[in-house]
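Structural description and commentary
Each chain, written out:
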Amino acid sequence: MQQMEQQAAHVGTRIIHDIITEVDLSRRPFVARGDNGDTYVGETLIISTGASARWLGLESEQKFQGFGVSACATCDGFFYRGKEVCVIGGGNTAAEEALFLTNFATRVWLVHRRDQLKAEKILQDRVLKHPKIECVWDHVLEEVLGEQDPPGVSAVRLRHVTTGEPREISMHGVFIAIGHDPNTALFRDQVAMDSEGYVITAPDSTATSIAGVFAAGDVQDKTYRQAVTAAGTGCMAALEAEKFIAANEVAEAAE
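The numbering scheme is per chain: residues are counted from 1 as the chain's sequence reads. Where local features are concerned, this predicted model is filtered to residues with pLDDT of at least 70; where side-chain atom pairs are given and counted, the filter is 80 or more; whole-chain, interface and lining totals use all residues. With hydrogens and water stripped out, all remaining heavy atoms of the structure feed into the side-chain values.

The next point concerns the packing of helix H4 (residues 92-101) against helix H5 (residues 121-129). With their axes 10 Å apart at the nearest point, H4 and H5 run at an angle of 40° to one another. By the angle class used here, H4 and H5 are oblique. The handedness of the crossing between H4 and H5 comes out as left-handed. Contact residues: H4 offers Asn92, Ala95, Glu96 and Leu99, while H5 offers Leu123, Arg126 and Val127. Under the grouping applied here, Gly and all other residues not named as nonpolar or charged are polar, the nonpolar ones being Ala, Val, Leu, Ile, Met, Phe, Trp, Tyr, Cys and Pro and the charged ones Asp, Glu, Lys and Arg. Classifying every residue of the contact of H4 with H5 by side-chain character gives four nonpolar, one polar and two charged. Axis lines are fitted to C-alpha atoms, over the contacting stretch for helices. Their N-to-C directions set the angle, which ranges from 0 to 180 degrees. Here a helix means four or more residues in a row that DSSP labels H or I, a strand means two or more in a row labelled E, and each is numbered from the N terminus. By definition in this entry, angles of less than 35 degrees are roughly parallel, angles greater than 145 are roughly antiparallel, angles of 65 to 115 are roughly perpendicular, and the rest are oblique. In this scheme the handedness of a crossing depends on how the near helix is turned from the far one: anticlockwise by less than a right angle means left-handed, clockwise means right-handed. Whether two residues are in contact is decided by their heavy atoms, any of which lying within 4.5 Å being enough.

It is worth spelling out the side chain of Glu61 at this point. Note on placement: Glu61 falls in helix H2 (residues 59-63). There is a polar contact of 3.0 Å between the side chain of Glu61 and the backbone nitrogen of Leu56. Once you skip the residues sitting within four places of it in the chain, Glu61 turns out to touch Trp55, Leu56, Val69, Val144 and Ile176. Under the rule applied, a polar contact is a pair of N or O atoms within 3.5 Å (in protein, one hydrogen donor and one hydrogen acceptor; residues adjacent in sequence only if both atoms are side-chain atoms).

The next thing to look at is the sheet that holds strand E2 (residues 30-34). Here three strands make up an open sheet; going across it, the order is E1-E2-E3 and the pairing antiparallel. The open sheet terminates on both sides in strands that have one partner only, identified here as strand E1 (20-24) and strand E3 (39-42). Strand-to-strand twist of the sheet, defined as the mean angle between neighbouring strand axes without regard to direction, takes the value 20°. Strand pairing is assigned whenever DSSP detects at least two bridges linking the two strands. Pairing of E2 with E3, which is carried by four bridges, proceeds in the antiparallel orientation. Across the sheet, residue Phe30 finds its bridge partner in E3, namely Gly42.

A cis amide bond links Arg28 to the next residue, Pro29, at an omega of 0°. With respect to the helices, strands and loops of the structure, Pro29 is situated in the loop between E1 and E2. Phi at Asp189 takes a positive value of approximately 70°, unusual for a residue other than glycine. Structurally, Asp189 can be placed in the loop between strand E14 (180-182) and strand E15 (213-215). Only protein chains enter the calculation, and the probe is 1.4 Å; a residue is then buried if its accessible area is under 20% of its type maximum, exposed if over 50%, and partly exposed in between. Take Asp189: its relative accessible area is 77%, and that puts it in the exposed class.

Function-wise, these values are silent; they only describe arrangement.
In structure tokens, the structure reads:
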């Protein structure tokens, strides 16, 4: 990432570290305001604010993030080859994560607070039939247990949602799979979004509902959520923004 930043700066990109707190997309040029008081104006805007994984909010969960607790099986699954892991959740994300982890782990515990999955039927069938996946129904994660030196997960403590009875299971990794939230609050009521808050883009494009505004990465991609796909759409957005500016310059010159 540092090399990419250096390359961008080398070809003339001006990199500014600021937090944008307000945007006005009602007309061009678009205006963005930072929390330090600076104002940024541009003929195009690329939204690439990403999406944030939902967490349970447990203190132990935060303590072991990066040391056995993860929200991305495709990112970290290979670390658990030959080990036991658990996935927390019951929707499509949890089912997909659990199935992916069977490529590495010896056993995958799927912990869900209800007595059946919410995932699509085809995913449910695959999960329930898989010999490496064991479902733990009607339980919630209460605490992640582990060592501090060196840091690592050793077990989870679960609680039955009805009886309150605790259960402890030894394992090496915990994957929180309760979904993601796109970071789009800044653009709400300005750009078209779906019911989950992801920015809607045109087919085979990064163009949004506003001419000159483009969206790239996890902010508009709820399917893949990978760095390589985000980089790809980032490239698309840059090229489309460049074409948009060039086309408008020609139009203005003609006028």
